[in-house]
Amino acid sequence: MTRIIVITSGKGGVGKTTVSANLGMALAKMGRQVALVDADFGLRNLDLLLGLENRIVYTAVEVLARECRLEQALVKDKRQPNLVLLPAAQNRSKDAVTPEQMKLLVNALAQKYQYVIIDSPAGIENGFKNAIGPAKEALVISTPEISSVRDADRVVGLLEAQGIKRVHLIINRIRPAMVQANDMMSVQDVQELLAIPLIGVIPDDERVIVSTNRGEPLVLAENPSLAATAFENIARRLEGESVEFLEIDSSQDSIFARIRRLFRTKIV
């Protein structure tokens, strides 16, 4: 049965597209047939992170307009034959596609691929509604910042209202030194605030920027970084494996823990 997963957050700039590219590539490396869908009409970036921008001929909009077949719009990755990309149109607005049309596209992909991963645009407007429309499960991305966590919490509520019950959390850009110095929320803090199951923790890594600029997902590197290993571990957990979380957050006394103690002291 095909897994149809939307990767979302509400807030922009938290790493949704990076997660989509690396998770899709990690699953393809494991032998799974993967279709990545860029749902960010007007501002597509998934093709850049995969290094496929020069190979796009048709997009999802042309498929829906019956100007080409779905197979013609799918861009195959030369490095990993199990992965294809359905690109979004750069010259159209987010209103160019409806949730019903997205369902048609994704259901067609689900006939052939084991995973359909949808990269959701920022915000909770039409683009978000398109992205979550066909999804059966969701991965919510949050960074350890209160604004990101609050937006993620809002998105969790919207996903549940849409009937998407299988929702997991990925915490991105954790900096252990900042957590230990009580300058950043810990993994436990974010988990407690969002109250959804954790499926991955990704450390902040400068190599993400390098890999983005080169169009080479981290998981393809010969010498994998800690972040690349974190992406591969998420893929393994999606497959049902029991994989321990990486030791990247050793703080025992976070900002929020101190605040909670302070309040308890005042109440007493």
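The written sequence of each chain sets the order in which its residues are numbered from 1. Only residues with pLDDT of at least 70 get local features here, since the model is predicted, and only at 80 or more are side-chain atom pairs given and counted; chain-wide, interface and lining totals rely on the full set of residues. The side-chain figures draw on all heavy atoms in the structure; neither hydrogens nor water molecules are used.

Draft legend 1. Local environment of the UniProt feature "binding site: ATP" (unreviewed entry) in the protein chain. UniProt positions are given in the numbering used here, feature names are shortened, and annotations may be inferred rather than shown by experiment. UniProt feature "binding site: ATP" (unreviewed entry): in the numbering of this structure it lies at K11, G12, G13, V14, G15, K16, T17 and T18. Secondary structure elements follow DSSP: runs of H or I no shorter than four residues count as helices, runs of E no shorter than two count as strands, and numbering proceeds from the N terminus. Checked against the element boundaries, G15 lands in the loop between β1 (3-8) and α1 (16-29). Contact criterion: two residues are considered in contact whenever any of their non-hydrogen atoms come within 4.5 Å of each other. Among all residues touching G15, those that are not within four sequence positions of it are N172 and R173. Following the sequence through the fold, T18 ends up in helix α1. Residues contacting T18, with those up to four places away along its chain left out, are L49, V208 and F231.

Draft legend 2. Structural context of the packing of aromatic side chains. Side-chain rings of Phe, Tyr and Trp (the six-membered ring for Trp) are treated as a pair once their centres are within 6.5 Å; stacked means planes under 30 degrees apart, edge-to-face means over 60, and tilted covers the remaining angles. The final tally for this structure, using the stated rule, is zero aromatic pairs. Only when the NZ of Lys or the CZ of Arg is both within 6 Å of the ring centre and within 35 degrees of the ring normal is a charge said to sit over the ring. Against the face of F245 rests R237, its NZ or CZ located 4.0 Å from the ring centre.

Draft legend 3. Expanded view of the nonpolar core. Of all hydrophobic cores here, the largest spans 52 residues; its most connected members are L86, L109, I118 and L159. Among the elements that make up this core, the one with the highest residue count is helix α7 (residues 146-161) (five residues). Apart from the residues within four sequence positions on either side, I118 is in contact with I4, I5, V6, I7, V37, A39, M102, V106, A131 and P134. Among buried residues, those of type Ala, Val, Leu, Ile, Met, Phe, Trp, Tyr and Cys that are joined through side-chain atoms within 4.5 Å constitute a nonpolar core. Burial classification: accessible surface area is computed with a 1.4 Å probe over protein chains only, and a residue below 20% of its type maximum counts as buried, one above 50% as exposed, and the rest as partly exposed. Residues V19, A26, L83 and A228 belong to the second largest nonpolar core, which totals 37 residues.

Draft legend 4. How the structure looks around the packing of α7 against helix α9 (residues 187-194). With axes taken as lines fitted to C-alpha atoms, and helix axes fitted only over the stretch in contact, angles between N-to-C directions fall between 0 and 180 degrees. The N-to-C vectors of α7 and α9 enclose an angle of 30°; their axes lie 10 Å apart at closest approach. Regarding the angle of α7 to α9, the classification is roughly parallel. At the point where α7 passes α9, the crossing takes the right-handed sense. For the pair α7 and α9, contact is made by I146, V149, A152 and D153 and by V190, L193 and L194, respectively. Any residue outside Ala, Val, Leu, Ile, Met, Phe, Trp, Tyr, Cys, Pro, Asp, Glu, Lys and Arg is labelled polar, Gly included; the first ten of those are nonpolar and the last four are charged. When the residues that make up the contact of α7 with α9 are grouped by side-chain class, the tally is six nonpolar, no polar and one charged. Should an angle fall under 35 degrees it is called roughly parallel, over 145 degrees roughly antiparallel, and 65 to 115 degrees roughly perpendicular, with every other angle called oblique. In this scheme the crossing of two helices becomes right-handed for a clockwise turn of the near helix relative to the far one and left-handed for an anticlockwise turn of less than a right angle.

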